[in-house]
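Residue strings, one per chain:
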4 protein chains.
Amino acid sequence: MSRTDTGDFIMKSLKKINVNKNTAILLIHCEDQRGIVSKVTEFLDENNGNILHLDQYVDRKEGIFFMRIEWELDNFTIPTEKIGDYFGTLIGQKYNMTWRLFFSTQTPRMALFVSKMSHCLFDILARYQTGEWDVEIPVIVSNHEILKPVADKYGIDFHYIPITKDNKADQEKVQLELLKKYKVDFVVLARYMQVLSDNFINHYPDKIINIHHSFLPAFPGAKPYHSAHERGVKIIGATSHYVTAELDAGPIIEQDVVRISHVDSVNRLIRKGRDLEKIVLSRAVYAHLNHKTLAYKNRTIVFS
Amino acid sequence: MSRTDTGDFIMKSLKKINVNKNTAILLIHCEDQRGIVSKVTEFLDENNGNILHLDQYVDRKEGIFFMRIEWELDNFTIPTEKIGDYFGTLIGQKYNMTWRLFFSTQTPRMALFVSKMSHCLFDILARYQTGEWDVEIPVIVSNHEILKPVADKYGIDFHYIPITKDNKADQEKVQLELLKKYKVDFVVLARYMQVLSDNFINHYPDKIINIHHSFLPAFPGAKPYHSAHERGVKIIGATSHYVTAELDAGPIIEQDVVRISHVDSVNRLIRKGRDLEKIVLSRAVYAHLNHKTLAYKNRTIVFS
Amino acid sequence: MSRTDTGDFIMKSLKKINVNKNTAILLIHCEDQRGIVSKVTEFLDENNGNILHLDQYVDRKEGIFFMRIEWELDNFTIPTEKIGDYFGTLIGQKYNMTWRLFFSTQTPRMALFVSKMSHCLFDILARYQTGEWDVEIPVIVSNHEILKPVADKYGIDFHYIPITKDNKADQEKVQLELLKKYKVDFVVLARYMQVLSDNFINHYPDKIINIHHSFLPAFPGAKPYHSAHERGVKIIGATSHYVTAELDAGPIIEQDVVRISHVDSVNRLIRKGRDLEKIVLSRAVYAHLNHKTLAYKNRTIVFS
Amino acid sequence: MSRTDTGDFIMKSLKKINVNKNTAILLIHCEDQRGIVSKVTEFLDENNGNILHLDQYVDRKEGIFFMRIEWELDNFTIPTEKIGDYFGTLIGQKYNMTWRLFFSTQTPRMALFVSKMSHCLFDILARYQTGEWDVEIPVIVSNHEILKPVADKYGIDFHYIPITKDNKADQEKVQLELLKKYKVDFVVLARYMQVLSDNFINHYPDKIINIHHSFLPAFPGAKPYHSAHERGVKIIGATSHYVTAELDAGPIIEQDVVRISHVDSVNRLIRKGRDLEKIVLSRAVYAHLNHKTLAYKNRTIVFS
């Protein structure tokens, strides 16, 4: 069954949530300077752009200004295709800004990488299926075949790309070509149990989201629940972060925890952790989807 | 696709979690008296029953003793079918106990009642599909048709039983017959938006689990997220409870909360609440499935 | 021993935290209109005011704009005593704003009202003593004498003002005169077990902070821990709010919760609740002290 | 002012909480064997000991049985001073148990070690002063003089024992003699910024409680808030643990966390962390005081 069948029905019940809107979003960062907020808001005001959300933050220590601003395009006097040009010329270059422009009408395209664990996959597909998220998922990639029936059930292309120590570089090329072919904007590693090469990561900087099953930086690497049990912690966690060259060390987007006690065996930690993992990953993906995240020097700004 | 197809594959990866085990579980409560723990444990010891878990609690104010005890049946010298008789005769009646006996090999049968919202349904079905829970779900009942395709996808019988003010009594009869036909042990209301009659509830005492989308007793009844927003609370919650005659007032099994702020509109509360609801409901169902809950006088003992 | 003795020593270790700063803070709200943010930031920029924090929020449903902005006064070209005039004339009245202006060099003066419970009092006094908070506490008022030795120990004037049904109106007059005499800016009810009259409250609108020992709106009024135990909740909470005419119904500033279980007797709830109460109250007072709260229509904006 | 002055008054309001009781508590662990629970409970039952609390837990992986049992002494037929002998002879040695026996009438004696930070000290002293805890604090030890006035205020002996790299061994001898002189049962390091030698620790195995200002095992050692900020975590924590030879690696008694965001500077982390630290440390001390903790192989059992 394709997404449309149930999806259409269910989406009706969700229409209150995902209101049709036609907005633009700017994510900006630059050296902190006097007058930035007034210049940016003036630019939108003067061109009839009704500001819906403005979030800004200044990192005093680093002297960096960060901003997310979203405005309605309906009466905006600058044509959509020219907004980038105008903003870049009139404001961006003046303040030496790094900026990205998004439109709410452009639905982001996401690839899912999975291995054998299915809980994050099911959680994401349920949100996709019911229209809870405004996203397209054209492709699922896996180094195992086990979850193919799930992809089939949701009508999503599934590519089985087994990885060995020897074929990794070649297989990553296949993966990268797939991502290009499917016009993928960002990648979600939904308990994908392979380490990506630096080359792969460099193709999608701050665009690969991983879920790690511990409260990072505690227990990086393999078998964190075993380590947590061994160490006797009283709280376990999960961490969603952008993938960078160093394993489990990229900018953290979201974390959450759950209290445990001495009665919790490793298997019980794994069970409790599954719910944490899927919720933490989904919160991170949601923030990314809505252009609310901005990674800077191994930290993230997550606008509210 | 039936549960078996993907399920079988996925269950293999879960086999570490749901270990095949052959145990018996006793849930006991009675007036507190000296010697209960030693008598019960002696009974098991003498008959070669290796105790896996023993949890007991005494409500001093009420003077009531509660106990959950689980033991291995493999070398137990009393035949499984006679354990109830023996325990009742030798111990239960002596201490005037209320007790129930369960066997881990008897998979509980659960009916799902839904309306239009699908997030709790999807969450439960994913756990079912992957063998995360040891449960059978033979039937889904709904007062709307919208979620039928989901039931179909999982190969579960779906019964559309619309409810109006006038047909409610009759339709509940149909529902009760279905539950009987499908040999259902307990019912989960996964955002089922109908109030059940006392008659219906009396057929399944402490066997109907509801999820209410507020931190009860705050905001009972309809539209709790709207009320929470109106009141300006800084934390929202969800509550799973056994259904009793009084609306949203039954024994609470599990609650959890999430922090919000002034920026959260009603729609954002609804979105954040969905994740709370599904996790809280699933934790409650899991506790019930594992015979870890014991309702007494509108409160629950939830053994760890 | 006066605050100075230990305080001075201890404050040295805190100097990293309470940096000497000379800033102004504006709290603004008005009907949402295009151009507010740019006008306010322009006003500060043009007069050489370096913006340290800008937080703004628009309540779309109500169409109200809220803002907190803090800037350095060191090179600000408008003299401190004229800032209010200039801002009001040039901007405030143009946009029909409600606004308040604060200066970081003006230490707020707080009165503490207590009864017999001391945990919130001790917590606040420790923060006061060590300079953790930039506040003056010139007076403690109580309807009981029991906590006078604590006030003496900290060198704070203590006024014993017993309240009966018959003398309440008169005693509140005494209290109000005291508050005037001590030049009190705001009042903290640190488990003060008396209901204030509307007349008293009207003298300090949004300036009386209470701590209620439940997760409001659940369990308002007396003995909430008993009610929570009776209801069998799995989580308890505490709520700090501005006092309004309706009991326990004023704008909520801060809430927090702690997980409990069936083993927790009422006395254990009271014990666990004490820690919640003191932390929640202190967080609320801290937010108020730093002019981060803005009450509007029975809700609060709490800037981060 | 001595503890008695205010304390006596305040304790009256607390008498509901610390009920006078005359109980014995056994903490037991041994290899798991059939029949332990029934033997121990039988022993108490037969001698007229009314069991108030029974908590037991079996670590299946290690095969170790753990138990805490508390019973009333009022009608217990074995004289208090002989309970240890009888239990050891009749049961303890039979099952090769490690066990400890405590009496609720013996108030534990605690030494506080502090440096310059006062928040944990003030929190503990407030609990002490008001009789919230059943403990004696005869002595405060510090490597700085700054907190002496606080000790004076509470009428507690204060010993200034400065530590340098060169005098450490000698000074620890002085400390150990003090602990002996004051008949100290256990030591609480309330932000004591010195590493204790193995020799010192070996005198008080599982009797020295530390608070570390991070979510261990993340950020052990110095300046954890700086490290947390640098790493960009979204949640910070505090950990209370028994001190062992390896720094910040002893058995964890209690942990808790608080959510932070990108707006939180290091100073804000320090401020938020202070509240965490004091609450987490106090929970751990409370559990220890009530003989609810049992350390085993670098993990703790904390009975509820």
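Thresholds, definitions, all that
Residues numbered from 1 in each chain as written. Chains lettered and ligands numbered in written order. Predicted model: local features only at pLDDT ≥ 70, side-chain atom pairs only at ≥ 80, totals over all residues. Heavy atoms only, no water. Axes fitted to C-alpha atoms, helices over the stretch in contact; angles between N-to-C directions. Helix = DSSP H or I, 4+ residues; strand = E, 2+ residues; numbered from the N terminus. Left-handed = near helix turned anticlockwise from the far one by under 90°. Contact = heavy atoms within 4.5 Å. Nonpolar A, V, L, I, M, F, W, Y, C, P; charged D, E, K, R; others polar. Least-squares fit on C-alpha atoms with pLDDT ≥ 70 in both. pLDDT = per-residue confidence, 0-100. Domains from an automatic or database assignment. Buried area = accessible area lost by both parts, 1.4 Å probe. Salt bridge = Lys/Arg side-chain N within 4 Å of Asp/Glu carboxyl O. Polar contact = N/O pair within 3.5 Å; in protein donor to acceptor, adjacent residues only side chain to side chain. Phe/Tyr/Trp six-rings, centres within 6.5 Å; stacked < 30°, edge-to-face > 60°. Buried < 20%, exposed > 50% of the residue type's maximum accessible area, 1.4 Å probe, protein only. Lys NZ or Arg CZ within 6 Å of the ring centre and 35° of its normal. Pairing = 2+ DSSP bridges. Parallel < 35°, antiparallel > 145°, perpendicular 65-115°, else oblique.

**Section: the packing of helix α2 (residues 36–46) of chain D against helix α3 (residues 83–92) of chain D**
Helix packing geometry: the angle between the two helix axes and the distance between the axes.
Residue and element names in this part refer to chain D.
Working step 1: Relative to each other, α2 and α3 sit at 145°, their axes nearing to 11 Å. Crossing of α2 against α3: the hand is right-handed. Here K39, V40 and F43 of α2 come into contact with α3, specifically with Y86, F87, L90 and I91.
Working step 2: When its residues are assigned to classes, the contact of α2 with α3 shows six nonpolar, no polar and one charged.

**A short note on the relation of the copies chain D and chain A**
Working step 1: Overlaying chain D with chain A gives an RMSD of 0.0 Å, the required rotation being 180° about an axis along which the chain moves by 0.0 Å. Taken together, these values place the two copies in the relation of a two-fold axis. When C-alpha distances to the rotation axis are compared across chain D, the minimum falls at A218 of chain D, with a value of 2.3 Å.
Working step 2: With an isologous cut-off of 70% or more, the 100% of interface residues of chain D that recur at the interface of chain A puts this contact in the isologous class.

**A closer look at the confidence of the model for chain A**
Working step 1: For chain A, per-residue confidence averages 93 on the pLDDT scale, and residues scoring 70 or more make up 93% of the total.
Working step 2: The ipTM value of the predicted complex is 0.93, and its pTM value is 0.95.

**Some details on the domain arrangement of chain A**
Residue and element names in this part refer to chain A.
Working step 1: Along its sequence, chain A is carved into domain 1 (23–103) and domain 2 (109–302).
Working step 2: Centre-to-centre separation of domain 1 and domain 2, based on C-alpha positions: 31 Å.
Working step 3: Listed per partner, the contact involves 13 residues of domain 1 and nine residues of domain 2.
Working step 4: Summing both partners gives a buried area of about 960 Å² for domain 1 against domain 2, and 67% of it is carried by carbon and sulfur.
Working step 5: Along the contact surface separating domain 1 from domain 2 lie two salt bridges.

**Here we look at the interface of chain D and chain A**
Working step 1: Between chain D and chain A, the contact holds 33 residues from the first and 33 residues from the second.
Working step 2: Across the interface of chain D and chain A, roughly 3,000 Å² is buried in total on both sides, 54% from carbon and sulfur atoms.
Working step 3: Sorting the residues of chain D by area buried against chain A places R231, H262 and R299 of chain D first, and these three jointly supply 25% of that buried surface.
Working step 4: Where chain D touches chain A, the interface holds four salt bridges.
Working step 5: We note a salt bridge from R259 of chain D to E254 of chain A, for which the minimum N-O separation is 3.3 Å.
Working step 6: If you look at where chain D meets chain A, you find 22 residue pairs in polar contact (both at pLDDT 80 or more).

**Examining the side chain of S240 of chain D**
Residues and elements named next belong to chain D.
Working step 1: With respect to the element layout, S240 can be found in strand β10 (residues 235–242).
Working step 2: In this structure the side chain of S240 is engaged in a polar contact, spanning 3.0 Å, whose partner is the backbone oxygen of N210.
Working step 3: Among residues more than four places away in sequence, those in contact with S240 are I209, N210, I211, I252, I253, E254, V280, L281 and A284.

**Description of the packing of aromatic side chains**
Working step 1: Inspection of the entire model under this criterion finds 31 aromatic pairs over all chains.
Working step 2: Aromatic pair F113 of chain A and F200 of chain A: ring centres 6.0 Å apart, planes at 65°, arrangement edge-to-face. Of the two residues, F113 of chain A sits in strand β5 (residues 109–114) while F200 of chain A sits in helix α7 (residues 198–203), which places them 87 residues apart along the sequence.
Working step 3: Taking relative accessible area as the criterion, F113 of chain A reaches 0% and is therefore assigned buried.
Working step 4: Following the ring pairs from residue to residue traces out a cluster consisting of F113, Y192, F200 and Y204 of chain C.
Working step 5: The residue whose ring lies beneath K153 of chain B is Y154 of chain A, and the NZ or CZ to ring-centre distance is 4.0 Å.

**Details of helix α2 (residues 36–46) of chain B**
Working step 1: Of all eleven residues making up α2 of chain B, nine are buried, and the element is well covered by its neighbours.
Working step 2: When α2 of chain B is considered as a whole, its buried residues turn out to be I36, V37, S38, V40, T41, E42, F43, L44 and D45 of chain B.
Working step 3: Check the buried side of α2 of chain B and you find it contacts β1 (23–31), β2 (51–59), β3 (64–72) and α3 (83–92) of chain B together with α2 and β2 (51–59) of chain D.

**Considerations on unusual backbone geometry**
All names here are of chain C.
Working step 1: Cis geometry marks the peptide bond from L216 to P217, where omega comes out at 10°.
Working step 2: One can find P217 in the loop between β9 (208–212) and α8 (224–231).
Working step 3: Its identity is not glycine, yet K223 carries a phi of approximately 55°, on the positive side.
Working step 4: Relative to the elements of secondary structure, K223 occurs in the loop between β9 and α8.

**Remarks on the pairing of strand β12 (residues 293–296) of chain D**
Residue and element names in this part refer to chain D.
Working step 1: What you see with β12 is no split at all: T293 and A295 on one side and L294 and Y296 on the other are buried throughout.
Working step 2: In this structure, β12 lies alongside strand β13 (residues 299–302), joined through four bridges in antiparallel fashion. Looking across to β13, one finds that A295 is bridged to T300.
Working step 3: The antiparallel pairing of β12 with β13 creates a hairpin that spans two residues between the two strands, and K297 there sits at a positive phi of about 50°.

**Comments concerning the sheet that holds strand β9 (residues 208–212) of chain A**
Residue and element names in this part refer to chain A.
Working step 1: Across the sheet, seven strands lie side by side as β7-β6-β5-β8-β9-β10-β11; this open sheet has mixed pairing. In the strand order of this sheet, the two ends are held by β7 (157–160) and β11 (252–259), each with one partner. Across the sheet, the mean angle from the axis of one strand to that of its neighbour is 20°, orientation sign disregarded.
Working step 2: Note that β9 and strand β10 (residues 235–242) share four bridges and pair antiparallel. When the sheet's bridge partners are listed, I209 is paired in β10 with Y242.
Working step 3: Along the sheet face, helix α9 (residues 266–289) touches β5, β8 (186–189), β9, β10 and β11 and points at about 30° away from the line of β10.

**Quick notes on the sheet that holds strand β2 (residues 51–59) of chain C**
Residues and elements named next belong to chain C.
Working step 1: Spatially, four strands are ordered β2-β3-β1-β4 in an open sheet, and the strand pairing comes out antiparallel. Where the open sheet ends on each side, the last strands, each with one partner, are β2 and β4 (98–103). Geometrically, the sheet is characterised by an average inter-axis angle of 10° between neighbouring strands, direction not taken into account.
Working step 2: With eight bridges joining them, β2 and strand β3 (residues 64–72) adopt antiparallel strand pairing. Directly across from V58, in β3, lies its bridge partner F65.

**A look at the side chain of S38 of chain A**
Working step 1: Its place among the elements puts S38 of chain A in helix α2 (residues 36–46).
Working step 2: For S38 of chain A, a relative accessible area of 3% gives the class buried.
Working step 3: Here S38 of chain A is in contact with S38, T41, E42 and D45 of chain C, once residues within four sequence places are set aside.

**Looking at the packing of α9 of chain A against helix α9 (residues 266–289) of chain B**
Working step 1: Two numbers describe how α9 of chain A lies on α9 of chain B: the axes approach to 12 Å, and their chain directions differ by 170°. One element, α9 of chain A, and the other, α9 of chain B, form an angle in the roughly antiparallel class. In this structure, α9 of chain A contributes R271, D275, K278, I279 and Y286 of chain A to the contact, and α9 of chain B contributes R271, D275, K278, I279 and Y286 of chain B.
Working step 2: Residues belonging to the contact of α9 of chain A with α9 of chain B are distributed by class as follows: four nonpolar, no polar and six charged.

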